[in-house]
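Examining the three-dimensional arrangement
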Amino acid sequence: TMPSNESSFFQHKRRSCHVYIKSSSPFNETNDETNLNFLRHKNTTLELIRPNTTVTRTYEVDGIFTSSPKDYYQEKIQPCVLESLKNSCNLLLWSFGTRQTGKTRILFGSKHSDDKNESDDGWIDQIALDINQQYSTKSEIKEEEGGGTIEKVIVSMSYVCITADDAEQAYDCLSSSAKPLTRIRQDTASSNIFYLERTTQVVVQDLQDIQYLLQTGSVFERIELNEKRVHRLITFTVYKCFTNGDVVSFVLQAMDLSGADRPTNTTTQAKGGTATAAQRRQQPQRLKTRPLQRKNKEDKTLRAISRIIDGLSNGDQHIPYRDSKLTRLACRGFEYENDTTINLAVIGISAVEESMYDEACAMMEFGKKIRSIDSKKKENKKTGTGADISLTNRVNDLNSAKERVMNLSDKCGYPTNTEQTLTSSDIQLDMSSSMDLVELRDALVQVEILEVDPILEMTEKSHLWWKERDRKNE
């Protein structure tokens, strides 16, 4: 499914940076040199010219485009998506840049557009189409991979929005409740998997299901989050179930970051009009200037992502993934020490006004840091298919926990050959309880947790979600 000329790209280029330029005039996307206001483009080289001067800055990127995002997706992005689906690689496609540059429209198409007459698909729709074509029939998914044969593939989807401020209120756009989600949890099986508690994760069967969920999320945003600036995270989780009982999972995530506010003055002159120097010296210091009241505090998510990219580009040992909710949810896509992670960044800059020069330079400097990250600086400790969940390990842990319960039950005097099953609620602890009794209760709790099949539980909840939606549509 991959072009032969892209094989070297996947071996050495697990991250790439693409630039989308918003312009008021057509843009010639050929190999010839093209000038556009303060921008100059040739191949994958972008040159920014400071207005009214001859000062220039040159940046190398992996691709530049201003129109035909669908064609650009098929040429540059789709091979990476197919690689992720084929080899179980985590993929993160994320966009950032200044406001009003069309980043959201590239990912979502016309779903978030105010013009109801326009109807076009975004890159997320194209990813959904690739997922549907890859796993549409059973004959296509029954293939040998890693020494096993795939029996079935389950794909689930979630849609989360997080406010672009210091509060970071998270909303489940597939839920009927507008109450924000407050608790973020870490998966017990892996240290790099985080999830929001009570997030709706819906199992999808075909392309129509995915498009319906995208439309449902966009409707939720327009109704409940109309007045808020938000960051969006769409997550497709793919579970590959093998005939030998192994289950591996990976994610394809699309993250749309809201554009940063342009800087403004933080102080204003005190009331009273102009004053002489002697009068100003007599005024208390607190009356000379006062801070402006800002509507929203600083965007915690953008600040955290900036620190993550800085840490990765500098080769720091500690990367602050936990500084914001969104970076924790998408941290698997930023793990450059893992060769099974594909990261695609899309920068949005505007070429409409020359006053955007400084902002364009700031965005390109950020993109330069992304491309400078060397995944080989750190030792690759992970091997295999890049999977995050293996139910074979869960079964082994369950058997070990049951054996531990049997041994501890004998020590504590509980019968093990009766038909009645011992549960953790049957163990009552007090200050005089022995350590064996405490360990027995902990082992029983572990058995009760491991006995729950997470995929089966997710499928049942998803079935109830679709059933409730069908009832509402009727």
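First things first, this report covers the structure right here in the doc. These numbers were taken from a predicted model, which means no experiment stands behind them.

1. A short note on the overall build of the protein chain
Counting its secondary structure elements, the protein chain contains 14 helices and 18 strands. Within the protein chain, buried positions represent 45% of all 474 residues. Sequence separation of 24 or more characterises 69% of the internal contacts of the protein chain that already satisfy a separation of 6 or more. For the protein chain, the exposed surface amounts to about 25,700 Å²; the carbon and sulfur share of it is 45%.

2. Side note on the packing of aromatic side chains
Considering all chains together, one arrives at twelve aromatic pairs under this definition. Aromatic side chains Phe-108 and Tyr-159 sit 6.2 Å apart centroid to centroid with 35° between the ring planes, which places their arrangement in the tilted category. A residue pair is termed long-range when its members are at least 10 positions apart, and Phe-108 in helix 3 (residues 103-108) and Tyr-159 in strand 9 (residues 148-163) qualify at 51 residues. For Phe-108, a relative accessible area of 2% translates into the label buried. Ring geometry for Tyr-212 versus Trp-466: centroids 5.7 Å apart, planes at 35°, classification tilted. Of the two residues, Tyr-212 sits in helix 6 (residues 207-224) while Trp-466 sits in helix 14 (residues 454-473), which places them 254 residues apart along the sequence.

3. A few points about the nonpolar core
Core analysis: the largest hydrophobic core is formed by 51 residues, its most contacted members being Leu-93, Trp-123, Met-157, Ile-234, Phe-236 and Leu-252. With residues near it in sequence (within four places) discarded, Ile-234 still touches Phe-108, Ile-124, Met-157, Ser-158, Tyr-159, Leu-214, Leu-252, Gln-253 and Ala-254. Listed in part, the 47 residues of the second largest apolar core include Leu-92, Leu-181, Met-356 and Tyr-357.

4. A word on unusual backbone geometry
Positive phi is not limited to glycine here, since Asn-52 has a value of about 65°. Relative to the assigned elements, Asn-52 resides in the loop between strand 4 (45-49) and strand 5 (56-60). Using a relative accessible area of 82% as the deciding quantity, one classes Asn-52 as exposed. Of note, the phi angle at Ser-88 is positive, near 55°, even though the residue is not glycine.

5. Focus: the pattern of salt bridges
Following the criterion strictly, the structure yields eleven salt bridges and no others. Between Arg-303 and Asp-166 there is a salt bridge whose closest N-O contact spans 3.7 Å. Remark: Asp-166 occurs in the loop between strand 9 and strand 10 (170-172) and Arg-303 occurs in helix 9 (residues 300-314); sequence separation between them is 137 residues. A relative accessible area of 32% places Asp-166 in the partly exposed class. Close ionic contact of Arg-441 with Asp-442 constitutes a salt bridge, the shortest N to O distance being 3.9 Å. Linked through salt bridges whose partners overlap, the residues forming this network are Glu-221, Arg-232 and Asp-256.

6. Focus on helix 6
Because an α-helix completes one turn every 3.6 residues, residues spaced three or four positions apart along the sequence face the same direction. With 18 residues, helix 6 extends 26 Å from end C-alpha to end C-alpha; this agrees with the ideal 26 Å at 1.5 Å per step. Along helix 6, the residues classified as buried are Leu-207, Asp-209, Ile-210, Leu-213, Leu-214, Thr-216, Gly-217, Ser-218, Phe-220 and Glu-221. Where helix 6 starts, the residue carrying a side-chain oxygen 3.3 Å from the main-chain nitrogen of Gln-208 turns out to be Asp-206.

7. Focus on the pairing of strand 15 (residues 247-256)
Every other side chain in a regular strand lies on the same face of the sheet, so the side chains alternate between the two faces. For strand 15, the buried fraction is high: ten of the ten residues fall into the buried class. Residue alternation in strand 15 divides its side chains into two sets, Val-247, Ser-249, Val-251, Gln-253 and Met-255 and Val-248, Phe-250, Leu-252, Ala-254 and Asp-256, and both sets are buried. By the bridge criterion, five bridges tie strand 7 (residues 90-97) to strand 15 in an arrangement that is parallel. Bridge pairing in strand 15 places Leu-93 opposite Ala-254. Relative to strand 15, strand 14 (residues 230-242) runs antiparallel, the two sharing ten bridges. Within the sheet, the bridge partner assigned to Arg-232 lies in strand 15 and is Asp-256. With antiparallel pairing between neighbouring strands as the criterion, strand 14 and strand 15 make up a hairpin whose turn holds four residues, including Gly-245 at a positive phi of roughly 100°.

8. Thoughts on the packing of helix 4 (residues 123-134) against helix 6
When two helices pack together, their arrangement is captured by the angle between the axes and the distance separating the axes. Between helix 4 and helix 6, the shortest axis-to-axis distance is 9 Å and the interhelical angle comes to 155°. By the angle between their directions, the pair helix 4 and helix 6 is classed as roughly antiparallel. For the pair helix 4 and helix 6, the sense of crossing is right-handed. Where helix 4 abuts helix 6, its residues Ile-124, Asp-125, Ala-128, Leu-129 and Asn-132 lie against Leu-207, Ile-210, Gln-211 and Leu-214. Residue classes in the contact of helix 4 with helix 6 are distributed as six nonpolar, two polar and one charged.

9. A few points about the packing of helix 2 (residues 69-87) against helix 4
Orientation of helix 2 relative to helix 4, taken along the N-to-C sense of each, is 45°, at an axis distance of 10 Å. Accordingly, the angle class assigned to the pair helix 2 and helix 4 is oblique. Crossing angle aside, the handedness with which helix 2 passes helix 4 is right-handed. Residues Pro-69, Lys-70, Tyr-72, Tyr-73, Ile-77, Gln-78, Val-81, Leu-82, Leu-85 and Lys-86 of helix 2 touch helix 4, and the partners they reach there are Trp-123, Gln-126, Ile-127, Asp-130, Ile-131 and Gln-134. Within the contact of helix 2 with helix 4, the residues separate by chemical class into ten nonpolar, three polar and three charged.

Parameters and conventions
Residues numbered from 1 in each chain as written. Predicted model: local features only at pLDDT ≥ 70, side-chain atom pairs only at ≥ 80, totals over all residues. Heavy atoms only, no water. Helix = DSSP H or I, 4+ residues; strand = E, 2+ residues; numbered from the N terminus. Buried < 20%, exposed > 50% of the residue type's maximum accessible area, 1.4 Å probe, protein only. Contact = heavy atoms within 4.5 Å. Areas by Shrake-Rupley, 256 points an atom, 1.4 Å probe, with all protein chains shown as cover. Phe/Tyr/Trp six-rings, centres within 6.5 Å; stacked < 30°, edge-to-face > 60°. Core = buried A, V, L, I, M, F, W, Y, C linked by side-chain atoms within 4.5 Å. Salt bridge = Lys/Arg side-chain N within 4 Å of Asp/Glu carboxyl O. Expected span 1.5 Å × (residues − 1). Polar contact = N/O pair within 3.5 Å; in protein donor to acceptor, adjacent residues only side chain to side chain. Pairing = 2+ DSSP bridges. Axes fitted to C-alpha atoms, helices over the stretch in contact; angles between N-to-C directions. Parallel < 35°, antiparallel > 145°, perpendicular 65-115°, else oblique. Left-handed = near helix turned anticlockwise from the far one by under 90°. Nonpolar A, V, L, I, M, F, W, Y, C, P; charged D, E, K, R; others polar.

It is worth stressing that arrangement in space is one thing and function is another; only the former is reported here.
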